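# Geometric and topological summary
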Amino acid sequence: AGITRHLSSVSSDRAALEERGVVIDGTQLVLHNESRYLCRCAECFGASSNQPLHTNDYSDVKISEVKEVQDHFISLHWDDGHTGIIPTSQTGAYGNGYKPTPSSRNYDLSLRKNSVQTFWGSPNSGVTKRFQYGDVVSSSEKTKEFLAHFMEYGLGFLSNTPHQPDDLLQILKDLKVTPYWDNMFGILSKVSFQSDPTNQAFNNQRLSAHTDLPYYTQTPSVYFFHCVANELDGGESFWSDTFSAVQHIRETDPEMFALLTSVKIPFRQYPKEWHMAGSYPTVELMGDDIYRVRDCCFVIDTFQFVQDYSPEIRARWWRAYRYLRQLMEDPNRTRTGKAG
């Protein structure tokens, strides 16, 4: 069905037609052919699907006229005879306006853009902030506020959650972070002390800083730790802002940073009847943004590492890695607390 929009005209000064395309607000150049792919008119963009309705080849199409500038759109005429609109904002990018539009900040947080994240280095009031579970799940806006906080700091604490052993599944639904994935430990990995542990996480020794499941092709993007009971002495946890450590290396030692982002480290684990293995850089980038750190020092396959790289590269990588570990384990860079 067609869509009728009633948007006020703003100023034709916002759009200027140039040789390569149209310049919006004096800074953003939209090329001729891509402007045609951007058309959000009812003929080109689905009202319900929020997807383009055509897969035509517009490689040779050019803008012939800028017709009108509106709140979130610019109306254009192309030399293929079509007249339509292209978006100039996130609201316009959703085309029909029926979908709730995320704020630009929340959108960038969902993409893990470092420009909107806080690399804390040492705990501050944002890092240590606690949210009340009942308040967070009372409305979508409160839930989004908590999730945005988590995406900004990489850490979020909830108090007064349901506390039965399997309640975490309901907590995930309440936070709207489903679907969740099964893994080799099951949907829920229940951690408790074992006298003869199958994994170092189940003994009573201190675990060094690490990320779980580094051998997975796609490691979990979010880890939820739900404390059901913690009544013994000890049992503290600590969290480290690894991104701030990586950023420090990036700014002070580009060679170390290059090694951590390029040398693929083999990981291997043999839990029960499984054989888990994979090789990935310690630091993964998305464009220029730090996107993920894979590090679990007790499942690095050092034997395979020796086979894969020359002594010179290994020596340089070990130096960079030990420095990263030193920064990660620095007490001044960690948040320590006892869950429960």
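Reference entry: report on the structure contained in this document. (Residues numbered from 1 in each chain as written. Predicted model: local features only at pLDDT ≥ 70, side-chain atom pairs only at ≥ 80, totals over all residues. Heavy atoms only, no water.)

## Here we look at the overall build of the chain
- Along its length, the chain carries eleven helices and 14 strands.
- For a compact globule of 340 residues, the expected C-alpha radius of gyration is about 20 Å, and the chain comes in at 25 Å, more than 25% above that figure.
- By its C-alpha atoms, the chain is 75 × 55 × 40 Å across when sized along the principal axes.
- Among the 340 residues that make up the chain, the fraction classed as buried is 37%.
- Relative to all contacts within the chain whose residues are 6 or more apart in sequence, the contacts with residues 24 or more apart total 62%.
- Just so you have it, the chain exposes about 19,600 Å², and 49% of that area is on carbon and sulfur atoms.
- The positive charge centre, built from 33 side chains, and the negative charge centre, built from 41, are 3 Å apart in the chain. (Helix = DSSP H or I, 4+ residues; strand = E, 2+ residues; numbered from the N terminus. Rg over C-alpha atoms; globule rule 2.2 N^0.38 Å. Buried < 20%, exposed > 50% of the residue type's maximum accessible area, 1.4 Å probe, protein only. Contact = heavy atoms within 4.5 Å. Areas by Shrake-Rupley, 256 points an atom, 1.4 Å probe, with all protein chains shown as cover. Lys, Arg positive; Asp, Glu negative; His and termini not counted. Charge placed at Lys NZ, Arg CZ, Asp CG, Glu CD.)

## Quick look at the packing of aromatic side chains
- Enumeration according to the criterion identifies eleven aromatic pairs in this entry.
- Where Trp-318 meets Tyr-321, the ring centres are 6.1 Å apart and the plane angle is 70 degrees; that geometry is what we call edge-to-face. Separated by three residues within a single helix, Trp-318 and Tyr-321 lie in helix H11 (residues 311-329), roughly one turn from each other.
- Using a relative accessible area of 1% as the deciding quantity, one classes Tyr-321 as buried.
- Three or more aromatic residues joined by ring pairs make a cluster, and in this case those are Phe-305, Tyr-309, Trp-317, Trp-318 and Tyr-321.
- For the cation-ring pair, Arg-36 lies above Trp-78, with the distance from its terminal atom to the ring centre recorded as 5.3 Å.
- If you follow Arg-112 out to its NZ or CZ, it ends over the ring of Tyr-291, 4.7 Å from the centre. (Phe/Tyr/Trp six-rings, centres within 6.5 Å; stacked < 30°, edge-to-face > 60°. Lys NZ or Arg CZ within 6 Å of the ring centre and 35° of its normal.)

## Brief notes about the packing of helix H8 (residues 242-252) against H11
- Packing of H8 against H11 leaves a shortest axis separation of 9 Å and a crossing angle of 135 degrees. As the angle between them shows, H8 and H11 are arranged oblique. As for the relative orientation of H8 and H11, their crossing is right-handed in sense. Facing Thr-242, Ala-245, Val-246, His-248 and Ile-249 of H8, the residues of H11 in contact are Tyr-323, Leu-324, Leu-327 and Met-328.
- In the contact of H8 with H11, the residues fall into seven nonpolar, two polar and no charged. (Axes fitted to C-alpha atoms, helices over the stretch in contact; angles between N-to-C directions. Parallel < 35°, antiparallel > 145°, perpendicular 65-115°, else oblique. Left-handed = near helix turned anticlockwise from the far one by under 90°. Nonpolar A, V, L, I, M, F, W, Y, C, P; charged D, E, K, R; others polar.)

## Notes on the side chain of Thr-334
- Within the element layout of this structure, Thr-334 appears in strand S14 (residues 334-337).
- Within the structure, Thr-334 has its side chain in polar contact with the backbone oxygen of Pro-331 (distance 3.1 Å).
- The contact partners of Thr-334, leaving out residues within four places of it in the chain, are Trp-120, Pro-123, Phe-238, Trp-239, Ser-240 and Met-328. (Polar contact = N/O pair within 3.5 Å; in protein donor to acceptor, adjacent residues only side chain to side chain.)

## Points about the nonpolar core
- Judged by nonpolar contacts, the single largest core of 30 residues is most densely connected at Tyr-215, Val-246, Ile-249, Leu-260, Ile-265, Trp-317 and Leu-324.
- Among the secondary structure elements, those contributing two or more residues to this core are H8, helix H9 (254-262), strand S10 (264-269), strand S13 (289-293) and H11.
- Looking at which element gives the most residues to this core, the answer is H11, with six residues.
- Those residues in contact with Val-246 that sit more than four places away from it in its chain are Phe-257, Val-283, Ile-290, Val-293 and Leu-324.
- Ile-24, Ile-63, Phe-73 and Ile-85 belong to the second largest nonpolar core, which has 17 residues in total. (Core = buried A, V, L, I, M, F, W, Y, C linked by side-chain atoms within 4.5 Å.)

## Some thoughts on the sheet that holds strand S1 (residues 15-17)
- An order of S1-S2-S3 is seen for the three strands of this open sheet, with the pairing classed as antiparallel. Two strands in the sheet have a free side with no partner beyond their single neighbour: S1 and strand S3 (28-31). Averaged over all neighbouring strand pairs, the angle between strand axes comes to 25 degrees, with direction disregarded. (Pairing = 2+ DSSP bridges.)

## A few points about the pattern of salt bridges
- Applying the stated criterion across every chain yields a total of 13 salt bridges.
- Salt-bridge contacts for Asp-135 lead to Lys-142; the nearest nitrogen and oxygen are separated by 4.0 Å.
- Assessed through its relative accessible area of 34%, Lys-142 is described here as partly exposed.
- Linking Arg-325 and Asp-295 is a salt bridge whose minimum nitrogen-to-oxygen distance equals 2.4 Å. Of this pair, Arg-325 sits in helix H11 while Asp-295 sits in the loop between S13 and helix H10 (302-308), and the two are 30 residues apart along the sequence.
- Ionic contacts of the salt-bridge type, sharing partners, join the residues Glu-284, Arg-292 and Arg-294 into one network. (Salt bridge = Lys/Arg side-chain N within 4 Å of Asp/Glu carboxyl O.)

## Here we look at H8
- The set of residues buried in H8 consists of Thr-242, Phe-243, Ser-244, Ala-245, Val-246 and Ile-249.
- Looking at the buried positions of H8, the neighbouring elements they touch are strand S9 (237-240), H9, strand S12 (283-286), S13 and H11.
- Here H8 starts with a cap whose side-chain oxygen sits 3.3 Å from the backbone nitrogen of Phe-243, and that cap is Asp-241.

## Some thoughts on the sheet that holds strand S5 (residues 73-78)
- One open sheet holds the three strands; their spatial order is S4-S5-S6, and the pairing between them is antiparallel. Strand pairing shows two members of the sheet lacking a second neighbour, strand S4 (63-69) and strand S6 (83-87), which therefore form its edges. Between one strand and the next, the sheet's axes are offset by a mean angle of 35 degrees, whatever the strand orientation.
- Looking at chain direction, S5 and S6 are connected through five bridges and run antiparallel. By the bridge assignment, His-77 is partnered in S6 with Thr-83.

## With respect to H9
- Buried within H9 are the following residues: Met-256, Phe-257, Leu-259 and Leu-260. Taken down its axis, H9 places every buried residue within 160 degrees of arc, on the same side.
- The inward-facing, buried residues of H9 abut H8, strand S11 (276-281), S12 and H11. (Arc of directions from axis to C-beta.)

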